[in-house]
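Inside the fold
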Amino acid sequence: MHHFTYRAGELYAEDLSVQSLATEYGTPLYVYSTATFKRHFQAFDSAFADLPHLTCFSVKANSNLCILRLLSEQGAGMDIVSGGELFRALSAGVPAQKIVYSGVGKRPGEIAEALLADILMFNVESLEELRRINDIALDLGKTARISLRINPDVDPLTHPYISTGLKQNKFGLDIEQSLEAYQLASTLPCIEPVGIDCHIGSQLTNIEPFLEALRRIKDFLAQLKTIGVKIRFLDLGGGLGITYDQEDPPHPKVFGQTLVRELQGMDLTLILEPGRVIAGNTGILVTEVVYTKSTKSKEFVIVDAAMNDLIRPALYQSFHRIDEVRPRQRPAKKVDVVGPICESSDFLARDRELPEVRSGELLAVFSAGAYGFTMSSQYNSRPRAAEILVDGTNVVLARKRETYNDLVALERQCLKK
Ligand code: LLP
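Since the structure is predicted, the reported quantities are computational estimates derived from the model, not experimental observations.

1. Section: the overall build of the protein
Per the secondary structure count, the protein includes 12 helices and 21 strands. By the compact-globule yardstick of 22 Å for 417 residues, the protein fits well, its C-alpha radius of gyration being 23 Å. As presented, the protein carries roughly 18,500 Å² of accessible surface, and 50% of it is formed by carbon and sulfur atoms. One way to put it: in the protein the 46 positive side-chain charges average out to a point 3 Å from where the 52 negative ones average out.

The structure is reproduced here in structure tokens:
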């Protein structure tokens, strides 16, 4: 459930007219809803209330400081994958003890920053990384709390680009090698193995792969006991999907209750790393129609948002619902909604039934709150869009629209003398 609804024939973000917001802030414009963020976080987090747990929002899904602060105030921790995300989380006031750090390529400087901040734990993805964390911790006089990320070899039944728990993926350690890895971890002087971690993929709409991974982890935990390694945290990653179109993922409540049932009696604190399920439906991308054009074979609606603003349709062929901000009841046509970028992959929708729209009118692209702005770029020298956060009748400019000067701010002209 989200708070983007039609009232008296026009789209509202909570209690504010989207048309008026676009007039004030311009387009393309990311609009987020505070009430939706709170609702999604509470729905997810409360589903695990029967177990000691920490819900760490996956910063990569939406890393705006206003959003991180909002979620942190709701009690969220953060799942980070870079020094930049650590910086964002700390800047937004997230306690370091609620931060977990995943990712296959943590660089020495990033590891040092996380050790100095004293984060809760590193999710370690290779033996080389384990040794490196130990060495850096030794230099800094610290002990690193770690989990090993286990690759359980389970098919998450999602888009191949966002599958992470299969043997051929670059993530985690093979489950067969992991016992040895824990043995090594417990002998390294500056490493404290405190947890076990897995994340099998994103936009999962079926609960079975989660359960299969959990079964494999539970079997593995029994083996861990036999070598005397006792851990406190079980991190099950993120991955729960949302409805973009016709998908029917389990409700977070059902998801939570099912996992909690499987984990009864285990003396562990559960960590979860949801991104999309919290943020996906909290945001829309508002865009203005620039032109329409008919060719012999196609009708195009050319809008001012492009693949640099929202790359998901181009990259994963993903579906985002698109509707008029002020529906005008004109007859529907099958159209491609495309941006101004010079690539044929620059589309937001293909062969989509949409009422006829005209230049100057606004469209809303739904489910743009996760992996929308965070994956945006300046390709074709397009300044990145503004982001605003609505709360009832209030609004804050969460990120200013970039300017042409921002495009070149870090560059210099190498003129010959
Ligand atoms: N934890 C780890 C270690 C991850 O790699 C990810 C996502 C998450 C948590 C959060 O997953 P979520 O709950 O959001 O599914 N750009 C793609 C999604 C990439 C996901 C990468 N990892 C998209 O737009 O669909």
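2. Observations regarding the packing of helix α7 (residues 178-187) against helix α8 (residues 208-226)
Relative to each other, α7 and α8 sit at 45°, their axes nearing to 10 Å. By the angle between their axes, α7 is oblique relative to α8. Here the hand of the crossing between α7 and α8 comes out right-handed. Of α8, the residues touching α7 (which contributes Ser178, Leu179 and Tyr182) are Phe220, Gln223 and Leu224. Considered class by class, the residues forming the contact of α7 with α8 number four nonpolar, two polar and no charged.

3. Considerations on unusual backbone geometry
In this model, Thr27 is joined to Pro28 through a cis peptide bond whose omega is -10°. Tracing the chain through its elements places Pro28 in the loop between α1 (18-25) and β4 (29-33). Residue Asp153 is not a glycine yet carries a positive backbone phi of 55°. Take Asp153: it is sitting in the loop between β9 (144-151) and β10 (173-174). A relative accessible area of 28% means that Asp153 is categorised as partly exposed. For Gln329, which is not glycine, the phi torsion reads 60° and is therefore positive. The exposed category is assigned to Gln329, whose relative accessible area is 72%.

4. Description of empty space enclosed by the protein
Summed over all chains, the structure comprises four cavities of 30 Å³ or more. Here the largest cavity is characterised by a volume of approximately 60 Å³.

5. Considerations on the sheet that holds strand β2 (residues 10-13)
With antiparallel pairing, the three strands of this open sheet are ordered in space as β1-β2-β3. Each end of this open sheet is capped by a strand with a single partner; those strands are β1 (4-7) and β3 (16-17). Both β1 and β2 contribute to a ladder of four bridges, which runs antiparallel. When the sheet's bridge partners are listed, Arg7 is paired in β2 with Glu10.

6. Structural notes on the packing of aromatic side chains
By the definition in use, this model includes nine aromatic pairs. Three or more aromatic residues joined by ring pairs form one cluster here, namely Tyr30, Tyr32, Phe37 and Phe373. Its guanidinium or amino end placed over the ring of Phe347, Arg350 lies 4.0 Å from that ring's centre, counting from NZ or CZ.

7. Brief notes about the site of the ligand
Around the ligand sit 19 residues, and of these Ser202, Glu273, Arg312, Tyr316 and Tyr371 come closest. In this structure, an oxygen atom belonging to the ligand sits 2.4 Å away from a side-chain N or O atom of Ser202. Gly275 places a polar main-chain atom, nitrogen or oxygen, 2.9 Å from an oxygen atom of the ligand. In isolation the ligand exposes 590 Å². Once the protein is present, 91% of that is buried.

8. Section: helix α3 (residues 65-73)
For α3, every residue scored as buried is listed here: Ile67, Leu68, Leu70, Leu71 and Ser72. Backbone nitrogen of Cys66 and a side-chain oxygen of the N-cap are separated by 2.8 Å at the start of α3; the cap is Asn64. Once α3 ends, the next one or two residues include Gly75, with phi positive near 105°.

9. Let's talk about α1
For α1, the full list of buried residues reads Val18, Gln19, Leu21, Ala22 and Tyr25. One face of α1 carries all of its buried residues, which in axial projection span an arc of 160°. Opposite the buried face of α1, at more than 90 degrees from it, the exposed residues are Thr23 and Glu24. Directly beyond the C-terminal end of α1, a positive phi value near 80° is found at Gly26.

The rules behind the values
Counting restarts for each chain: residues are numbered from 1 in the order of the written sequence. Under the rules for a predicted model, residues below a pLDDT of 70 receive no local features and side-chain atom pairs below 80 are neither given nor counted, while totals for whole chains, interfaces and linings still include all residues. Side-chain calculation: all heavy atoms of the structure are included, whereas hydrogens and water are not. Helix and strand definitions here come from DSSP, where helices need a minimum of 4 consecutive H or I residues and strands a minimum of 2 consecutive E residues; each element is numbered from the N-terminal end. The globule rule used for comparison is 2.2 Å times the number of residues to the exponent 0.38, while the radius of gyration itself is calculated over C-alpha atoms. Reported accessibility uses the Shrake-Rupley method at a 1.4 Å probe radius. Residues are deemed covered only where the shown protein chains occlude them. We treat Lys and Arg as the positive residues and Asp and Glu as the negative residues; His and chain ends play no part in the count. For the purpose of locating charges, the reference atoms are NZ of Lys, CZ of Arg, CG of Asp and CD of Glu. Whenever a helix is involved, its axis is fitted only over the stretch in contact; in every case the axis is a line through C-alpha atoms, and angles between N-to-C directions fall within 0 to 180 degrees. Put simply, angles under 35 degrees are roughly parallel, angles over 145 are roughly antiparallel, angles from 65 to 115 are roughly perpendicular, and the rest are oblique. Take the far helix as your reference; a near helix turned counterclockwise from it by less than a right angle gives a left-handed crossing, and one turned clockwise gives a right-handed crossing. Two residues qualify as a contact provided that any one of their heavy atoms is within 4.5 Å of a heavy atom in the partner residue. Amino acids outside the nonpolar list (Ala, Val, Leu, Ile, Met, Phe, Trp, Tyr, Cys, Pro) and the charged list (Asp, Glu, Lys, Arg) are all regarded as polar, and Gly is one of them. Only protein chains enter the accessibility calculation, which uses a 1.4 Å probe; a residue whose area is less than 20% of its type maximum is buried, one above 50% is exposed, and one in between is partly exposed. Here a cavity means grid points, on a 1 Å grid over the protein atoms only, where a 1.4 Å probe fits yet cannot get out; a pocket means an open set of points with protein on both sides within 12 Å along at least five of seven lines; lining residues are those with an atom within 4 Å of a point. Grid points are joined across faces, edges and corners, and a volume is the space filled by probe spheres set on the points. Being paired, for any two strands, means DSSP has found at least two bridges between them. In summary, the pairing rule links any two rings of Phe, Tyr or Trp, Trp by its six-membered ring, whose centres are within 6.5 Å, and it sorts them by plane angle into stacked for under 30 degrees, edge-to-face for over 60 and tilted for everything else. A ring is scored as having a charge over it whenever the NZ atom of a lysine or the CZ atom of an arginine sits within 6 Å of its centre and within 35 degrees of its normal. The rule for a residue being near a molecule or strand is that one of its heavy atoms must lie within 4 Å of it. Under this definition, polar contacts are N or O atom pairs within 3.5 Å; protein pairs additionally need one hydrogen-donor-capable and one acceptor-capable atom, and for neighbouring residues in sequence, both atoms have to be side-chain atoms. For this quantity, the arc is that covered by the directions from the helix axis to the C-beta atoms.

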